[in-house]
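# Inside the fold
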Amino acid sequence: MTEIAFAATEYRADQTFGVARYRYVGDEATGWTVERDGAVLLQLGPGYRLLRVRECGVCATDLARHHLPFPLPQVIGHEVLAVDAQGRRFVVEINASHEARGVAADCAFCKAGLPTHCPARITLGIHDLPGGFGPWILAPVRACLQVPANVPDSAAVLVEPFAAALHAVRMVAPRAGERIAVLGPRRLGMLAVAALAGVRAELRGRGEDFQIAAVARDPALLPLARTFGATEAHLLADGAPPDGAFDVVIDTTGNPDGLRTAIRLARREVHLKSTHGQPAGGLRHLTEMVVDEIGLAPFPAHEPAAGAGDWDRLRTGARPRVAWLAKQAPPAWLLARADVQRGTPAELAAHYAKANDGLPRADVAVADDAVGVDAAVRPRAGSEEPLVRPRGLVLCHPEARVDGAPLLAAVVGRGLRLSTSRCGDFAQALAALAADPELARIGERLVTHRFGGDRLAEAFATARSRGCIKAIVAQGDA
């Protein structure tokens, strides 16, 4: 049995900070009791190990934490570099799922290779589990990845956002001859540029190529973006760059206005990484779409070729599951090819929850207005469970009402697709850093400010300023 007591700075719903006393009692095998100011805060089951925090990065999700639908106050922070009792360094994948904890469970999501979407998970520094802006964390045992010796601390503390950036780039799948833009190349955006540069090097090795554009309001960011691999740089101003200038725009701005710009600039796809918790593009639940990695695309006006429908690609049960939320009747060809269900979003969510094969969700939802899209993402008030499966799709009907919803207008009017992504593969990110000495210097070039753990309020204020690219909070002499 292990016991550790410490003081930690918490983030409050009014965007202020306060100090609370924490006490962890337990072990990996039997579980842990987490006390806050003498009262039990959490009872954690087995599968968590105690690590001491060395450093933790400040990201846009931290800065927008008060907008997210999880209780506060909390010790937040999830870009963690930590050490064990032997001084070995670890980065920590943030989702405490059954798989990450190494516990047996009849969980359809963990079994389907979607542990980061496990409904029973809690999330380090975001949802319940105290995070890396405190001196100690309880980390899921299988989510702790040891840092290779040739990866410095300055890069290791960026593994979480770099893995997320690399995942986004793999999802976008740049094509030869395309122009891929990163909108808002600051904290996450600069890492997205670096990840794109790595993928570009792979394509060039096969005799293909694409261009990487950095698009920013701050001219000081553009030269730095070129050092990370951007082949072109553009200052965002009135009417510039022009509409449809890029095939794909990766929005890493962390604010709702960024999406409006991304929609204007993109021809085939906008990839959204922002989890600011606010309405954007005419939708209320866009952040939740990112959390669940749900995409948005046009419903085909005509029957696609056999095997070409999105519902075929996404199905997890015997037949593709399509939740039909549109007022128009589903076409006969879809009824022949998929299990199409009609009803209210809440009724359909309850229906799919009883599925005995695949995931207990719809694979695809079809909506004809912004209310329907939002309902496909969060069908029941007070519940964070979606109607559509993680990494599923919401399709916009060709007759959808798009007034006041610029995102839907672009999807229906010109066939734009929205893709989203959240967490990435830490093992892939660590391998990339270990294999490329120049890439392993990302921390030296990206981190502009460092703070002690007792200066969290100052770290947040600085991270919000234009003069800061990346801020890191260090805990004592860990």
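Structure shown above.
Residues numbered from 1 in each chain as written. Predicted model: local features only at pLDDT ≥ 70, side-chain atom pairs only at ≥ 80, totals over all residues. Heavy atoms only, no water.

## Here we look at the layout of surface pockets
Considered as a void within the structure, the second largest pocket measures approximately 410 Å³ in volume. Lining the second largest pocket are 22 residues, with E93, P115, T116, G424 and D425 positioned closest to its centre. Considering each element in turn, the lining of the second largest pocket owes the most residues, four residues, to helix α5 (residues 159–172). Counted by class, the lining of the second largest pocket contains nine nonpolar, seven polar and six charged residues. (1 Å grid on protein atoms, 1.4 Å probe; cavity = no way out; pocket = protein on both sides within 12 Å on 5 of 7 lines; lining within 4 Å. Points joined across faces, edges and corners; volume = space filled by probe spheres on them. Helix = DSSP H or I, 4+ residues; strand = E, 2+ residues; numbered from the N terminus. Nonpolar A, V, L, I, M, F, W, Y, C, P; charged D, E, K, R; others polar.)

## Observations regarding unusual backbone geometry
Cis geometry is found at the peptide bond from L72 to P73, where omega equals 5 degrees. Note the cis peptide between A240 and P241, where omega equals -10 degrees. Topologically, P241 is positioned in the loop between β14 (232–235) and β15 (246–251). Even without a glycine there, the phi angle at D37 is positive, about 50 degrees. Note that D37 resides in the loop between β3 (31–36) and β4 (39–44). Positive phi values are uncommon outside glycine, yet A173 reaches one of about 50 degrees. One can find A173 in the loop between α5 and β12 (179–183).

## Digging into the side chain of Q74
If you trace the backbone, Q74 turns up in the loop between α1 (60–63) and β6 (79–83). Look at Q74 and you get buried, because its relative accessible area is 4%. Within the structure, Q74 has its side chain in polar contact with the side chain of R65 (distance 2.9 Å). For Q74, the side chain forms a polar contact with the main-chain oxygen of L129, separated by 3.1 Å. (Buried < 20%, exposed > 50% of the residue type's maximum accessible area, 1.4 Å probe, protein only. Polar contact = N/O pair within 3.5 Å; in protein donor to acceptor, adjacent residues only side chain to side chain.)

## Describing the nonpolar core
Taken as a class, soluble globular proteins show a tendency for nonpolar side chains to be buried jointly. The biggest cluster of nonpolar side chains holds 50 residues, and the ones touching the most others in it are V91, L196, F228, L433 and I442. Here the element with the most residues in this core is helix α6 (residues 187–205); it accounts for ten residues. For F228, the residues in contact, after removing those within four places along its chain, are M190, V193, A194, A197, I442, R445 and L446. Core analysis: the second largest hydrophobic core is formed by 45 residues, I263, A349, V373 and L418 among them. (Core = buried A, V, L, I, M, F, W, Y, C linked by side-chain atoms within 4.5 Å. Contact = heavy atoms within 4.5 Å.)

## Looking at the pattern of salt bridges
Inspection of the entire model under this criterion finds 35 salt bridges. Residue R170 is joined to E202 by a salt bridge in which the shortest nitrogen-to-oxygen separation is 3.3 Å. Taken together, the residues span a long stretch of sequence, with R170 in helix α5 and E202 in helix α6 at a distance of 32 residues. Residue R170 is classed as partly exposed on the basis of its relative accessible area, which comes to 42%. In this structure, E384 engages R378 in a salt bridge whose closest nitrogen and oxygen atoms are separated by 3.1 Å. Note on R378: relative accessible area 9%, which makes it buried. One network of salt bridges, with partners in common, ties together E438, R441, E444 and R445. (Salt bridge = Lys/Arg side-chain N within 4 Å of Asp/Glu carboxyl O.)

## So, the packing of aromatic side chains
Counted according to the given criterion, the structure contains eight aromatic pairs. With centroids separated by 5.7 Å and ring planes inclined at 20 degrees, the aromatic side chains of F299 and W333 adopt a geometry described as stacked. Here F299 is found in the loop between β17 (295–298) and α10 (310–314), whereas its partner W333 is found in helix α11 (residues 332–337), with 34 residues between them in sequence. Judged on exposure class, the residue F299 and its partner W333 are both buried. Positioned above the aromatic ring of F90, the side-chain terminus of R49 is 4.7 Å from the ring centre. In this structure, R445 is placed above the aromatic ring of F228, and the distance from its NZ or CZ to the ring centre is 4.2 Å. (Phe/Tyr/Trp six-rings, centres within 6.5 Å; stacked < 30°, edge-to-face > 60°. Lys NZ or Arg CZ within 6 Å of the ring centre and 35° of its normal.)

## Quick word on helix α12 (residues 345–353)
Among all positions in α12, only L348, A349 and Y352 are buried. Buried positions in α12, seen along its axis, are confined to an arc of 105 degrees and lie on one side of it. Considering only its buried residues, α12 is in contact with β18 (321–324), β19 (339–342) and β20 (362–367). (Arc of directions from axis to C-beta.)

## A short note on the packing of helix α8 (residues 256–265) against helix α14 (residues 406–414)
For the pair α8 and α14, the least separation of the axes is 10 Å and the interaxial angle reads 15 degrees. By the angle between their directions, the pair α8 and α14 is classed as roughly parallel. Between α8 and α14 lies a crossing whose hand is left-handed. Judged by residue contacts, L259, I263 and R264 of α8 engage P406, L407, A410 and R414 from α14. When grouped by side-chain class, the residues that make up the contact of α8 with α14 number five nonpolar, no polar and two charged. (Axes fitted to C-alpha atoms, helices over the stretch in contact; angles between N-to-C directions. Parallel < 35°, antiparallel > 145°, perpendicular 65-115°, else oblique. Left-handed = near helix turned anticlockwise from the far one by under 90°.)

## With respect to the environment of A225
With respect to the helices, strands and loops of the structure, A225 is situated in helix α7 (residues 221–227). Counting along the chain gives 39 residues from A225 to R186, while the straight-line C-alpha distance between them is 8.6 Å. Not counting the four nearest positions on each side in its chain, A225 is found in contact with M190, V193, A214 and A230.

## Here we look at the pairing of strand β7 (residues 89–92)
Judged by which residues are buried, β7 turns out to be covered on both faces: R89 and V91 on one side and F90 and V92 on the other are all buried. As defined by bridge partners, β6 adjoins β7 across three bridges and the pair is classed as antiparallel. Following the sheet pairing, L81 is matched in β7 by V91. The hairpin formed by β6 and β7 contains five residues between the paired strands, and G87 there has a positive phi angle of roughly 85 degrees. (Pairing = 2+ DSSP bridges.)

## Quick word on the packing of α5 against helix α15 (residues 426–435)
Two elements in contact, α5 and α15, have axes whose closest approach is 9 Å; the angle formed by their N-to-C orientations is 100 degrees. Classified by the angle their axes make, α5 and α15 are roughly perpendicular. Between α5, through V159, E160, F162, A163 and L166, and α15, the contact on the second element is made entirely by F426, Q428, A429, L430, A432 and L433. Classifying every residue of the contact of α5 with α15 gives nine nonpolar, one polar and one charged.

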